[in-house]
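Next come the chains, spelled out residue by residue.
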Amino acid sequence: LAKTTQPISMDSYEGQEVNITCSHNNIATNDYITWYQQFPSQGPRFIIQGYKTKVTNEVASLFIPADRKSSTLSLPRVSLSDTAVYYCLVGDGERGTYKYIFGTGTRLKVLA
Amino acid sequence: SAVISQKPSRDICQRGTSLTIQCQVDSQVTMMFWYRQQPGQSLTLIATANQGSEATYESGFVIDKFPISRPNLTFSTLTVSNMSPEDSSIYLCSVAGRWGDEKLFFGSGTQLSVL
């Protein structure tokens with residue numbers, strides 16, 4: 001199973017860009033990289049997903065180098081409401097089973 | 001995306017009793033999963049709920065303790081049996097597989113406290 005490693009916590013100030021990097025050295029050829037956001041007392045919420053290079057949506061960007069052994073979630077101009085835990089997930093190597101293993105996640109605290 | 005409803009949203013139970021958690025999805029989905037999240041911790045996969053067959057459990061979780069039903073493509077239940085205080089956690093239902101990619105969608109969870 002592909003395992004992910006992220007920083008345990010990060011602090012940032014409002015208006016700054018935040019980059020959270022995830023290491024996934026054992027990623028399989030068919031695995032996508034997916035990031036989730038979780039607020040207290042809620043289930044994780046899908047943020048962004050990518051396979052290679054760069055993906056951007058209305059809330060974040062995802063940068064994936066050519067070797068795909070890491071990825072970086074970029075949150076532009078964070079606000080206090082972005083304070084949450086962010087999880088990086090990769091698939092289990094067998095496409096279609098969707099069996100994700102959650103790592104520790106990164107607790108992002110946005111300060112005023 | 002999918003709308004996932006979990007019931008109950010929270011409960012306080014006595015040691016030795018059982019609680020059944022329901023998960024209802026607003027559309028048919030291939031894969032349904034049950035996760036546990038202990039206070040301040042990450043999510044741990046309990047089992048994959050397979051429609052029409054027995055659930056597939058992860059290491060450390062057994063059917064006698066966490067029986068799961070999946071009678072159709074929109075509904076599943078997880079029972080936490082013979083509860084102890086160590087079972088106090090948030091239990092989350094998750095779905096995937098309908099949209100041709102690897103996205104998971106989660107319910108809001110059931111917060112269980114065992115006294």
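Our subject is the structure listed above.
Residues numbered from 1 in each chain as written. Chains lettered and ligands numbered in written order. Predicted model: local features only at pLDDT ≥ 70, side-chain atom pairs only at ≥ 80, totals over all residues. Heavy atoms only, no water.

Trainee: I'm lost on the environment of Ser89 of chain B in this one. Help?
Mentor: All names here are of chain B. By the secondary structure assignment, Ser89 is in strand 9 (residues 89-96). Sequence separation of Ser89 and Tyr35 is 54 residues, and the distance between their C-alpha atoms is 10.0 Å. Once you skip the residues sitting within four places of it in the chain, Ser89 turns out to touch Arg36, Gln37, Gln38, Thr110, Gln111 and Leu112. (Helix = DSSP H or I, 4+ residues; strand = E, 2+ residues; numbered from the N terminus. Contact = heavy atoms within 4.5 Å.)

Trainee: Which parts of the structure should I look at to understand the interface of chain A and chain B?
Mentor: Often the size quoted for an interface is simply the accessible area lost on bringing the parts together. Listed as interface residues are 23 residues of chain A and, on the opposing side, 21 residues of chain B. Here chain A packs against chain B, burying approximately 1800 Å² in sum over the two surfaces, 53% of which is carbon and sulfur. At the junction of chain A with chain B, the criterion picks out zero salt bridges. Counting only elements with at least two residues in the side of chain A that touches chain B, the list comes to strand 3 (33-38) and strand 4 (45-50) of chain A. At three residues, strand 3 of chain A tops the list of elements feeding residues into the side of chain A that touches chain B. (Buried area = accessible area lost by both parts, 1.4 Å probe. Salt bridge = Lys/Arg side-chain N within 4 Å of Asp/Glu carboxyl O.)

Trainee: Please explain the state of the cysteines as it appears in this structure.
Mentor: Linking two cysteines covalently through their sulfur atoms gives a disulfide. For the structure on display, the rule yields two disulfides over all chains. Bridging Cys22 of chain A to Cys88 of chain A, the disulfide has an S-S length of 2.3 Å. Torsion about the S-S bond of the Cys22 of chain A and Cys88 of chain A cystine: about -80°, corresponding to left-handed handedness. Of this pair, Cys22 of chain A sits in strand 2 (residues 18-23) while Cys88 of chain A is found in strand 8 (residues 84-90), placing the two residues 66 residues apart along the sequence. For Cys88 of chain A, a relative accessible area of 0% translates into the label buried. Each sulfur of the disulfide joining Cys23 of chain B and Cys93 of chain B lies 1.9 Å from the other. (Disulfide = S-S within 2.5 Å. Buried < 20%, exposed > 50% of the residue type's maximum accessible area, 1.4 Å probe, protein only.)

Trainee: Just to check I follow, could you spell out the pattern of salt bridges for this structure?
Mentor: In a structure, side chains of opposite charge can pair up when their charged atoms sit close to one another. All names here are of chain B. By the definition in use, this model includes one salt bridge over all chains. A salt bridge links Asp87 to Lys65, with the shortest nitrogen-to-oxygen separation between them at 2.6 Å. Placement of the pair is Asp87 in the loop between strand 8 (75-80) and strand 9 and Lys65 in the loop between strand 6 (56-57) and strand 7 (68-72), with a sequence separation of 22 residues.

Trainee: Quick question: what am I supposed to make of the sheet that holds strand 4 of chain A here?
Mentor: Note on sheets: strands pair through backbone hydrogen bonds, and any given pair is parallel or antiparallel. Residue and element names in this part refer to chain A. On the basis of which strands lie adjacent, the open sheet formed by five strands has the order 1-9-8-3-4 and mixed pairing. Of all the strands in the sheet, the pair left with one neighbour each is strand 1 (9-13) and strand 4. The mean inter-strand angle of the sheet, taken between neighbouring strand axes irrespective of direction, is 25°. In terms of strand pairing, strand 8 meets strand 9 (residues 106-111) through three bridges, oriented antiparallel. When the bridges of strand 9 are listed, Val85 appears paired with Arg107. (Pairing = 2+ DSSP bridges. Axes fitted to C-alpha atoms, helices over the stretch in contact; angles between N-to-C directions.)

Trainee: What is the right way to look at the environment of Ser71 of chain A in this model?
Mentor: All names here are of chain A. Within the secondary structure, Ser71 is located in strand 7 (residues 70-75). Linking Ser71 and Tyr36, residues 35 residues apart in sequence, is a C-alpha distance of 13 Å. If we skip the residues at most four places from it in the chain, Ser71 touches Ile20, Thr21, Cys22, His24, Ile33, Trp35, Leu62, Phe63, Ile64 and Cys88. Among the polar contacts listed, one links the side chain of Ser71 to the side chain of His24, at a separation of 3.0 Å. (Polar contact = N/O pair within 3.5 Å; in protein donor to acceptor, adjacent residues only side chain to side chain.)

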